[in-house]
Amino acid sequence: MTLPENLERVLPEIGRDLFDVLVIRTDFSDDEAWNTVVGELHRPWGPDGEFAAAVQLIDSPAWSGATADEVLAAVVDEDLIVVFLADRGTMKSPARALLVLSAVWEDVSGLDPVYYQELIESPDPREFRALPAAVHGVQMDLVLGNVDFAEYAGAASAEPDQVLRPV
């Protein structure tokens, strides 16, 4: 896809709190599906819905068709550890599961296999899918260090549809 000259894939300065969920829309094929996702993201969360939802949405056509790699390349905020994408998979699935990307993923291609063979053969996962209702808990746990990304990815992969649900 070629972007018009006046559109750039740059994450704006948004004054984000560490606990804010950052969602980037990369698929613009279904506004009704997007509105459903946004509605779910803004619902209070927690065991009894006791926490207000804190969401930062990037809803710019510049991001249309952006890949996970392109999104991660645009991440320059060192405090950002996870990004949620509303991609084609989100819009096409009945569950509207977002793609969850680790923003701290490491490229292991340049590591010396003599010392790092196990890491090279089994790198940490860098993505999984989660329901919109689960993303606030994911953000909170990752920021606080209660659960690591690989644990969440493992929990998602254990589900029949490979989608993490709220605990």
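Scroll up to find the structure this text is about.
Described below are features of the structure shown in this document.

What counts as what
Per chain, the residues get numbers from 1 upward, laid out in the order the sequence is written. Under the rules for a predicted model, residues below a pLDDT of 70 receive no local features and side-chain atom pairs below 80 are neither given nor counted, while totals for whole chains, interfaces and linings still include all residues. Heavy atoms from the whole structure form the basis of all side-chain values; hydrogens and water molecules are not counted. At least two bridges found by DSSP between two strands are what make those strands a pair. Comment: elements are numbered from the N terminus, with helices defined as DSSP H or I runs of at least four residues and strands as E runs of at least two. Note on contacts: a residue pair qualifies if any of its non-hydrogen atoms lie within 4.5 Å across the two residues. Helix axes use the C-alpha atoms of the stretch in contact, all axes being lines fitted to C-alpha atoms, and the angles between their N-to-C directions lie in the range 0 to 180 degrees. Salt bridge, as used here, is a side-chain nitrogen of Lys or Arg placed within 4 Å of a carboxyl oxygen of Asp or Glu. Patches draw on residues past 30% relative accessible area with no salt bridge. Two like charges within 9 Å are joined, as are two nonpolar side chains (Val, Leu, Ile, Met, Phe, Trp, Tyr) within 5 Å. In short, Shrake-Rupley with a 1.4 Å probe defines the accessible areas, and a residue's cover is counted only from the protein chains shown. Summary of the burial criterion: residues with accessible area below 20% of their type's maximum are buried, those above 50% are exposed, and those between are partly exposed, where the area comes from a 1.4 Å probe applied to protein chains only. Comment: arc refers to directions from the helix axis out to C-beta atoms. Note on terminology: a nonpolar core comprises buried Ala, Val, Leu, Ile, Met, Phe, Trp, Tyr and Cys residues joined through side-chain atoms within 4.5 Å.

Details of the sheet that holds strand 3 (residues 82-86)
Okay, so step 1: Here we have six strands laid out as an open sheet, ordered 2-1-3-4-5-6, and mixed in their pairing. Because the sheet does not close on itself, it has two edges, and the strands there are strand 2 (55-58) and strand 6 (163-164).
Okay, so step 2: One ladder, built from four bridges, connects strand 4 (residues 98-102) with strand 5 (residues 127-130); its direction is antiparallel. Bridge pairing links Leu-98 to Ala-130 in strand 5.
Okay, so step 3: Docked against the sheet, helix 6 (residues 149-158) engages strand 3, strand 4, strand 5 and strand 6, running at close to 60° with respect to strand 5.

Re the pattern of salt bridges
Okay, so step 1: Under the definition given, this model contains six salt bridges.
Okay, so step 2: Among the salt bridges present, the one from Arg-129 reaches Asp-87, with a minimum N-O distance of 2.7 Å. With Arg-129 in strand 5 and Asp-87 in the loop between strand 3 and helix 3 (88-92), this residue pair connects regions lying 42 residues apart in the sequence.
Okay, so step 3: Salt-bridge contacts for Arg-165 lead to Asp-161; the nearest nitrogen and oxygen are separated by 2.8 Å.
Okay, so step 4: Within the structure, one salt-bridge network assembled from shared partners comprises Arg-25, Asp-31 and Asp-59.

Observations regarding a nonpolar patch on the surface
Okay, so step 1: On the surface, Leu-18, Phe-19 and Leu-144 cluster together to form a nonpolar patch covering roughly 250 Å² of accessible area.
Okay, so step 2: For Phe-19, the position within the fold is in the segment before strand 1 (21-25).
Okay, so step 3: Judged by relative accessible area, Phe-19 falls into the partly exposed class, the value being 33%.

Description of helix 1 (residues 31-41)
Okay, so step 1: Buried residues of helix 1: Ala-33, Trp-34, Val-37, Val-38 and Leu-41, and no others. The buried residues of helix 1 occupy an angular sector of 140° when projected down its axis, which confines them to one face. Pointing more than 90 degrees away from the buried face of helix 1 are the exposed residues Glu-32 and Asn-35.
Okay, so step 2: Considering only its buried residues, helix 1 is in contact with strand 1, strand 2, strand 3, helix 3, strand 4 and helix 5 (135-144).

So, the nonpolar core
Okay, so step 1: Counting residues in hydrophobic clusters, the biggest one holds 25 residues, and the most contacted among them are Val-23, Phe-84, Leu-98 and Phe-128.
Okay, so step 2: For this core, the elements supplying multiple residues, two or more each, are strand 1, helix 1, strand 3, strand 4, strand 5, helix 5 and helix 6.
Okay, so step 3: With five residues, helix 1 is the largest single contributor of residues to this core.
Okay, so step 4: Aside from chain neighbours lying at most four places away, what touches Phe-128 is Leu-98, Leu-99, Val-100, Val-138, Phe-149, Tyr-152, Ala-153, Ala-156 and Leu-164.
Okay, so step 5: Judged by nonpolar contacts, the second largest core, of 16 residues, contains Leu-22, Ile-24, Ala-62 and Val-83.

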